[in-house]
Amino acid sequence: MITNERDIDKYYDMLVEKNSNYEGVFFVGVKTTGILCRPTCPAKKPLKANCEFFSTAKEALLASYRPCKRCEPLSNPTKMSPAVKLLVDAIEKNPEKKWTDKDFDGLSISANTARRQFQKQFGMTFIEYARSRRLGLAFKHIRNGDSIINAQIDSGYESGNGFRDAFSKTMGDVPHKTNGITILYSAWLETKLGSMLAISDDDHLLLLEFVDRKGLEMEIKKLRTRLKAAISPEKTDVIRQVEAELELYFDGELVDFKTPIRYIGSEFQQGVWDELRRIPIGETISYKILAEKLGKPTASRAVARANGANQLSLIVPCHRVINSNGELGGYGGGLARKEWLIKHEKMVPK
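Here, residues in each chain are numbered from 1, in the same order as that chain's written sequence. Per-residue local features are limited, in this predicted model, to residues with pLDDT of at least 70; the limit for side-chain atom pairs, both in listing and counting, is 80 or more; totals at the level of whole chains, interfaces and linings are taken over all residues. Water and hydrogen atoms play no part in the side-chain values, which are based on all heavy atoms of the structure.

An unreviewed UniProt entry lists the chain under the name methylated-DNA--[protein]-cysteine S-methyltransferase, with Listeria seeligeri FSL N1-067 as the source organism. Here is the UniProt Sequence similarities (unreviewed entry) comment for the chain, exactly as written: "Belongs to the MGMT family." UniProt positions are given in the numbering used here, feature names are shortened, and annotations may be inferred rather than shown by experiment.

**Structural notes on the side chain of T236**
The numbering of helices and of strands both runs from the N terminus, where a helix is a DSSP run of H or I of at least 4 residues and a strand a run of E of at least 2. The residue T236 is located in the loop between β8 (229-233) and α9 (237-250) in this model. Any N or O atom pair separated by 3.5 Å or less is treated as a polar contact, with the protein-specific requirement of one donor-capable and one acceptor-capable atom, and with residues adjacent in sequence counted only for side-chain atom pairs. Side-chain polar atoms of T236 contact the side chain of S200, separated by 2.9 Å.

**Thoughts on the pairing of β8**
Looking along a regular strand, one sees side chains alternate from face to face of the sheet. Among the five residues in β8, five count as buried, and that is most of the element. Both faces of β8 are covered, namely the face carrying A229, I231 and P233 and the face carrying A230 and S232. Bridge count between strand β5 (residues 182-191) and β8: five bridges; the pairing is parallel. Within the sheet, the bridge partner assigned to T182 lies in β8 and is A229. Relative accessibility under 20% of the residue-type maximum defines a buried residue, over 50% an exposed one, and the middle range a partly exposed one, all with a 1.4 Å probe and only protein chains included. Should DSSP find at least two bridges between two strands, the strands are taken to pair.

**Thoughts on the UniProt feature "active site" (unreviewed entry) in the chain**
The UniProt feature table records "active site" (unreviewed entry) at C37 and C318. Along the polypeptide, C37 turns up in strand β2 (residues 35-37). On the basis of relative accessibility, which here comes to 8%, the residue C37 falls in the buried class. Along the chain, C318 turns up in the loop between α12 (300-308) and β10 (321-322). In this analysis, two residues are considered to be in contact whenever any of their non-hydrogen atoms come within 4.5 Å of each other. Not counting residues within four places of it along the chain, the set of residues in contact with C318 comprises L276, N307, N310 and Y331.

**Details of helix α10 (residues 267-276)**
Owing to its 3.6 residues per turn, the α-helix aligns residues three or four sequence positions apart on the same side. For α10, the complete set of buried residues consists of V272, W273, E275 and L276. Buried residues in α10, looked at end-on, bunch into an arc of 160°, giving them a common side. The secondary structure elements touched by the buried residues of α10 are α11 (287-293), α12 and β10. Directions from the helix axis toward the C-beta atoms define the arc.

**A look at the confidence of the model for the chain**
The score called pLDDT rates the predictor's confidence residue by residue, from a low of 0 to a high of 100. Averaged over the chain, the pLDDT score is 81; the fraction of residues at 70 or greater is 82%. Confidence drops under a pLDDT of 50 for residues 145-171, and excluding neighbours within four residues, the segment shows 60 contacts in the predicted structure.

**Some thoughts on the pattern of salt bridges**
We define a salt bridge as a contact between a side-chain nitrogen of Lys or Arg and a carboxyl oxygen of Asp or Glu at a distance within 4 Å. Tallied over the entire structure, the rule returns 11 salt bridges. For K343, the salt bridge identified is with E339, shortest N-O distance 3.4 Å. Highlighted residues: K343 and E339, both in helix α13 (residues 335-346), separated by four residues, approximately one helical turn. Among the charged side chains, a network of salt bridges with common partners joins E209, R213 and E219.

**A closer look at the sheet that holds β5**
Within the open sheet, the four strands sit side by side as β7-β6-β5-β8. Their pairing is mixed. Strands at the two margins of the open sheet, each flanked by one partner only, are β7 (205-210) and β8. For this sheet, the mean inter-axis angle between neighbouring strands, taken without regard to orientation, is 25°. Sheet topology places strand β6 (residues 194-200) next to β7; five bridges connect them, and they run antiparallel. If you follow M196 over to β7, its bridge partner there is F210. Contacting β5, β6, β7 and β8, helix α8 (residues 216-227) crosses the sheet at an angle of about 170° to β7. Think of each axis as a best-fit line through the C-alpha atoms, taken over the contacting stretch in the case of a helix, with angles from 0 to 180 degrees between the N-to-C directions.

**Digging into the nonpolar core**
Nonpolar side chains in soluble globular proteins generally cluster together in the buried interior. Ranked by internal contacts, the top residues of the largest apolar core, which has 56 residues, are F53, L205, L208, L246, L276 and L314. Among the elements that line this core, the one with the most residues is α9, at six residues. Here this core gathers at least three residues from each of two domains, domain 1 (1-73) and domain 3 (175-349). Once residues lying within four places of it in the same chain are set aside, the contact partners of L314 are M196, L246, Y249, F250, F257, H319, Y331 and L341. Throughout, nonpolar core names a set of buried Ala, Val, Leu, Ile, Met, Phe, Trp, Tyr and Cys residues whose side chains join them through atoms within 4.5 Å. Domain segmentation is taken from an automatic or database assignment of domains.

**Describing the side chain of T191**
Relative to the helices and strands, T191 is located in strand β5. T191 sits in the buried class, given a relative accessible area of 4%. A polar contact is formed between the side chain of T191 and the backbone oxygen of G194, at a distance of 2.7 Å.

**Focus: α8**
Taking 1.5 Å per residue, 12 residues should reach 16 Å; α8 reaches 17 Å between its end C-alpha atoms and fits that length. When α8 is considered as a whole, its buried residues turn out to be L216, E219, L223 and L227. Each buried residue of α8 sits inside an arc of 55° when the element is viewed along its axis, so together they form one side. Exposed and facing more than 90 degrees away from the buried side of α8 are E217, K222 and T225. Packed against the buried residues of α8 are β5, β6, β7 and β8. Of the residues one or two after α8, K228 is the one with positive phi, at around 50°. How far a helix is expected to stretch is found by multiplying one less than its residue total by 1.5 Å.

**Some points on the state of the cysteines**
Disulfide: a pair of cysteine sulfur atoms within 2.5 Å of each other. What the rule picks out here adds up to zero disulfides. Lacking any disulfide linkage, C41 is separated from the closest cysteine sulfur, that of C71, by 3.7 Å. Residue classification places C41 among the buried positions, given a relative accessible area of 2%. Note on C68: no disulfide assigned, nearest cysteine sulfur contributed by C71 at a separation of 3.9 Å.

Structure (structure tokens):
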């Protein structure tokens with residue numbers, strides 16, 4: 001159980017805020033109900049005097065608390081509900097289908113439920129998700145040499161303007177030529193520290209970030225602009241590989257990620273990222289030492305900026321770099337996560 005008053009005050013504030021940066025960092029036991037919750041539980045918040053805070057759910061269970069049925073603290077933070085999983089499976093069985101509200105009757109799910117639960121899980125409605133999948137398939141047809149008009153018809157759009165508008169809103173500008181087209185794929189992955197977004201091409205992982213990271217939308221826009229690409233929701237083999245490795249990593253059973261990656265950055269940034277990957281798990285270094293290792297002892301600030309520009313969280317372990325005075329420094333995923341990751345890695349068998 002956490003007894004440090006400073007931590008208790010901080011964690012209670014984060015509990016009231018329902019701050020997703022603290023998912024997996026702490027759990028709360030409510031003395032008056034005997035229930036164990038995660039930081040983002042939607043239930044009414046108890047008084048601080050009625051809270052006990054724990055580093056792991058196991059500690060809370062041993063203290064006799066039972067898991068909350070609303071936030072399910074023993075599962076991943078945003079575990080799919082049965083309704084959402086059913087809908088995702090339905091799309092994958094027929095990704096070219098153009099869904100309407102009437103189609104939900106056959107699944108025994110109301111259109112309102114589908115809309116609300118999908119919005120909560122993915123930040124878009126079910127219809128928008130299904131449309132994105134259709135457009136992703138359309139993009140594949142175009143890239144393989146099919147015409148825009150055929151892709152439009154296959155996607156269920158009678159109007160060319162309607163197809164272009166939907167395509168641009170979801171994935172970027174509609175290509176006017178069939179050569180030189182780049183398509184990227186994206187998927188939400190669930191971890192003990194919260195949801196992450198993975199983006200890959202056919203062969204490499206390009207981005208892995210916590211979805212609540214500040215500036216993530218700008219990162220995606222820069223990636224899409226630099227590669228002249230559009231993004232389709234689809235879980236590639238590369239994304240499946242990193243998903244499996246993330247599970248092993250958070251269980252303390254993985255030291256090195258093997259998922260193939262591709263850097264999108266300057267030569268200097270790539271040099272910094274390579275050096276970051278040489279930091280052994282369980283160890284930390286300062287920005288100053290990192291600059292010295294790169295042969296640029298006066299470039300600590302430039303190194304720090306390159307560190308912050310890293311788009312492959314955990315795989316390129318920028319969280320292992322701390323200030324010279326021993327303080328954590330910055331981290332795009334939040335300092336609570338950085339502290340948790342450093343502590344976690346010190347426990348991983350080498």
